[in-house]
There are 2 protein chains.
Amino acid sequence: MAKKKNAISPTREENYPEWYQEVIKEGDLAENSPVRGCMVIKPWGYALWENIVKKLDARFKEVGVENAYFPIFIPLELMQKEAEHIEGFAKECAVVTHHRLTKKDGKLVPDGKLAEPLIVRPTSETIIGESFAKWVSSYRDLPILLNQWCNIVRWEMRTRLFLRTSEFLWQEGHTVHQTRDEAFSFTETILNIYADVVEEELAIPVIRGKKSPMERFPGAVETMCIEAMMQDGKALQAGTSHFLGQNFAKGSNIKFQSQEGKEEFAWTTSWGASTRLIGGLIMTHSDDDGLIIPPKIAPKQVVLLPIIKDEANEQKILDHVYSIKKEIESKEFNNNKISVEIDNKEQGGIRVWRWIKKGIPIRIEIGIKELENDTLFVGRRDNGEKKSVKRDEFVNNISNILDEMQKNIFSNALKYRNDNIFEIDENEEFYEFFKSEDKKGFTLSPWCGSIECEKKIQEDLSVTIRCVPFNDKTDRGKCICCGKESTTKVFFAKSY
Amino acid sequence: MAKKKNAISPTREENYPEWYQEVIKEGDLAENSPVRGCMVIKPWGYALWENIVKKLDARFKEVGVENAYFPIFIPLELMQKEAEHIEGFAKECAVVTHHRLTKKDGKLVPDGKLAEPLIVRPTSETIIGESFAKWVSSYRDLPILLNQWCNIVRWEMRTRLFLRTSEFLWQEGHTVHQTRDEAFSFTETILNIYADVVEEELAIPVIRGKKSPMERFPGAVETMCIEAMMQDGKALQAGTSHFLGQNFAKGSNIKFQSQEGKEEFAWTTSWGASTRLIGGLIMTHSDDDGLIIPPKIAPKQVVLLPIIKDEANEQKILDHVYSIKKEIESKEFNNNKISVEIDNKEQGGIRVWRWIKKGIPIRIEIGIKELENDTLFVGRRDNGEKKSVKRDEFVNNISNILDEMQKNIFSNALKYRNDNIFEIDENEEFYEFFKSEDKKGFTLSPWCGSIECEKKIQEDLSVTIRCVPFNDKTDRGKCICCGKESTTKVFFAKSY
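All of the points below concern the structure found in this document. Predicted, not measured: the structure shown is a model, and the values here were computed from it.

**Section: helix α7 (residues 276–285) of chain A**
Buried residues dominate α7 of chain A, accounting for 10 of its 10 residues. Three or more residues of α7 of chain A are buried, namely Arg276, Leu277, Ile278, Gly279, Gly280, Leu281, Ile282, Met283, Thr284 and His285 of chain A.

What follows is the structure, given as structure tokens:
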């Protein structure tokens, strides 16, 4: 039997990173821009982001978070203050030094030098902290639960669409609380929102846990995270929620008078998720024919493709297709009307393959035969099934079918992940696993808790601790690195 | 009778610009940031923007517009190209020259000089044009109807919250069409969307028209606009939609092969509305007690204020208040659930005044008396009415009441505007009107169509043509400036 020809070349197996870029290109999600490291997010890709925003935003608001907007520029002085407080402070950022362009010999050149340079926000911690310090004076002002949806810039040397770009879109939440417990519990609340939305809507199974000291956010007391497994076995961090203790409040001078009349430093959290999630979505579900988008997060759930072989039937078929569009759009899925597109741009295989590569959940071809028999020719993206079905039956059942597809896509991803987590307790086996070109996945292995062992493993294997399960100190063993007694097993992996 | 004491000082009459700043401060909408010219939009202000975005975005999508995202940075080279094409090209912008901060003698300093500076987008025309040129090759690729919600930066010397800030939020739409007629008609479609949303949701009456040559967007063939009147009689441009003809396509080299196989330049449009609309909202409706927010755009429509004079009754009253919240939230208004806040932070007048100043449409006070009598003590922000009402009757009727308030707020603004438009045909009267400190408003006056007359009036009076009615060339008279025969009456005003 001849090898099945795939729409995406190379395949995942042939070259995973190149396959990823091709899926994005062929799925019309995004492209590189003339500005190094920045991307143009095209409508099909941006619609994914809009859906992610909608889902997360609704969940944040349910727990009392309000949105606000802070300036894109951070005065150098604030960064200076931050740099003094925080080890590992990120220094790769865009620096604004002038506020004008002037023509000189017919050319535009920078002019109007600023007395003090401004930084394009790599995160808004410092400038939001400055506002919090001003806004908070009594326990009555607390909690403050703020979030901002915005663009940020971190100068990256090696970029990859969605996964690592100099500019990206994200949300950053920043909250201030009276007590340690309230702040810690809010950190957990947000982590659970991330996990729920990523699992339920994006159909990406995640492991919840906390970061080891080396992977922790600079300045955080605890970084909680969700980690997903991509189809090359590497980990992708899909969201982090940081419990900052009083560290950040001390740095930014966020103090309040307590109910007992004492002046105290506040307890803060911060948390973020970004357009990186789209990279995770692509790498979790897509196959060698391109994107597979879970119905709940798809920009459209259904595309209708009128098949017109004969001009005489054209209007009749189009009218029929429009009426089917209306019928399907009257149905609900995931608390929204089902969204339907009609593509009548051209006929034939190119059109069908375009929608396969774009990952739309359901394609429906409708020609004169379907019209006369009152059937639909339906293609499902999740399992590749193609068949002729009775119109009424299919349309009436479409919400259930989408639901089944969502579950199917999730369970495929879950199976893949679970099949590729290995409990490895022996140093030699561990090294062999991560050095082997054939093996991929996470290991769950004992770790003594020391930074030295973390560092050694990273240096030897480019492998890091992705997360420490919340119920740590229950799983005995001998550290995978130093062999000392350990009480904790953690997830190790290569990562994005 | 003693003068009524107002919550906002100064009053509109005493000092309109200062009144504006105070309304924003007391309404907790926004504040200046440590970065010169940039603002912090606080939750109550940002929620207004979220509602504006939601309304506009839905309307754009109805006419086929898709959202996308382009990089925040524009290479200097692209600006250079633009500058060569366009007179009056804006040169006040933030220039990024370095991509790193380095510690030197303990201080952070800019490092990593860029080979070519980058500009923080003052608008995305050029970088989007570059993509369009790449994406368009055949008539089959058209139309392209794109929009982007983003932040932009224009270095401003004198800034005012929402009205003129160095960074602001906006949407910019950019579309490409095969024919002149299609592009022109799309320009009108968008103008009508702006007008509808601003009138129906923000309750701001607007005049639709086109700009005179002097006020036209650089490079546009026609700029259509909506203009609103503020309570000081000045005009605020609330949205513009530009028909760019083939000018922009020629500058950016956007060409396509037509159905007849000929290579042609495309026809393009661009259009934008910004956080400035919030400034317009404030200045149209608010009074000397602070904000008045039309119910359709209000972050919340109702606040419930439990009155607790006696600890023994506290839980009983709170339970009652929560059940009323649920009752009201089950009602719909403007296709959404009515949104209700409970404020139990403190008791007394400060709390009531806080909500008056925040402009929430309906305040409801509920104490033991109200509980026992099954009544509500209701305050309406639009007309200042305060009275005790039967609970059932009020709650069942609340959607109608909000509707009536929305209409009332609009008709107040419409009356104010119409009362302050003056048909003035004589040069002397025109000069006297705009020189007088007592008189305010727009005039509708004949204009011969020459730029010279426009310029002279602007120089003499700081007055500009706000818009030319669409049905021009029908209204005869003698030019208000030069006295020549004219066929057009236009709106003149001072403006923001």
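**Here's the deal with the relation of the copies chain B and chain A**
Aligned on chain A, chain B shows an RMSD of 0.0 Å; the corresponding rotation is 180° and the shift along the axis is 0.0 Å. In the structure described here, the two chain copies are related by an operation that fits a two-fold rotation axis. Across chain B, the rotation axis passes nearest the C-alpha of Val96 of chain B, at a separation of 2.1 Å. With an isologous cut-off of 70% or more, the 100% of interface residues of chain B that recur at the interface of chain A puts this contact in the isologous class.

**Some remarks on the environment of Glu182 of chain A**
All names here are of chain A. Relative to the assigned elements, Glu182 resides in helix α5 (residues 180–200). In this structure Glu182 touches Pro143 and His177, once residues within four positions along its chain are discounted. Side-chain polar atoms of Glu182 contact the side chain of His177, separated by 2.7 Å.

**What to know about the side chain of Glu227 of chain A**
Residue and element names in this part refer to chain A. With respect to the helices and strands, the residue Glu227 is situated in strand β10 (residues 222–229). A distance of 2.6 Å separates the side chain of Glu227 from the side chain of Lys211, its partner in a polar contact. Separated by 3.1 Å, the side chains of Glu227 and Arg466 make a polar contact.

**Considering the sheet that holds strand β15 (residues 302–306) of chain B**
Residue and element names in this part refer to chain B. Ordered in space as β18-β15-β19-β20-β21, the 5 strands form an open sheet in which the pairing is mixed. If you trace the sheet from one side to the other, it starts and ends with β18 (340–342) and β21 (386–390), each paired once. Across the sheet, the mean angle separating the axes of adjacent strands is 25° when strand polarity is ignored. The pairing of β15 with strand β19 (residues 362–366) spans 5 bridges and is parallel. When the sheet's bridge partners are listed, Val302 is paired in β19 with Ile362. Sheet strands touched by helix α9 (residues 349–358): β15, β18 and β19. Its angle to β15, the strand with the most contacts, is close to 175°. Where helix α11 (residues 391–419) meets the sheet, it contacts β15, β19, β20 (375–380) and β21, and its direction lies at approximately 5° from that of β20.

Scoring rules and cut-offs
- Residue numbers run consecutively from 1 along every chain, following the written order of its sequence.
- For naming, the first written chain is A and the first written ligand is 1, with later ones following in the order written.
- Whole-chain, interface and lining totals are the exception, using all residues; otherwise, since this is a predicted model, local features are given only for residues with pLDDT of at least 70 and side-chain atom pairs are given and counted only at 80 or more.
- With hydrogens and water stripped out, all remaining heavy atoms of the structure feed into the side-chain values.
- In this scheme, a residue with accessible area under 20% of its type's maximum is buried, one over 50% is exposed, and one in between is partly exposed, where area comes from a 1.4 Å probe on protein chains only.
- Helical segments are the DSSP runs of H or I of at least four residues, strand segments are the runs of E of at least two, and each set is numbered from the N terminus.
- Copy-to-copy superposition: least squares on the C-alpha atoms, limited to residues that have pLDDT of at least 70 in both copies.
- Contacts are assigned to residue pairs that have any heavy atoms within 4.5 Å of one another.
- Polar contact criterion, stated in full: a pair of N or O atoms within 3.5 Å, where within protein one must be able to donate a hydrogen and the other to accept it, and residues adjacent in sequence count only if both atoms are side-chain atoms.
- Following DSSP output, two strands are said to pair if at least two bridges run between them.
- Inter-axis angles, ranging from 0 to 180 degrees, are taken between N-to-C directions of lines fitted to C-alpha atoms, where helices are fitted over the stretch in contact.

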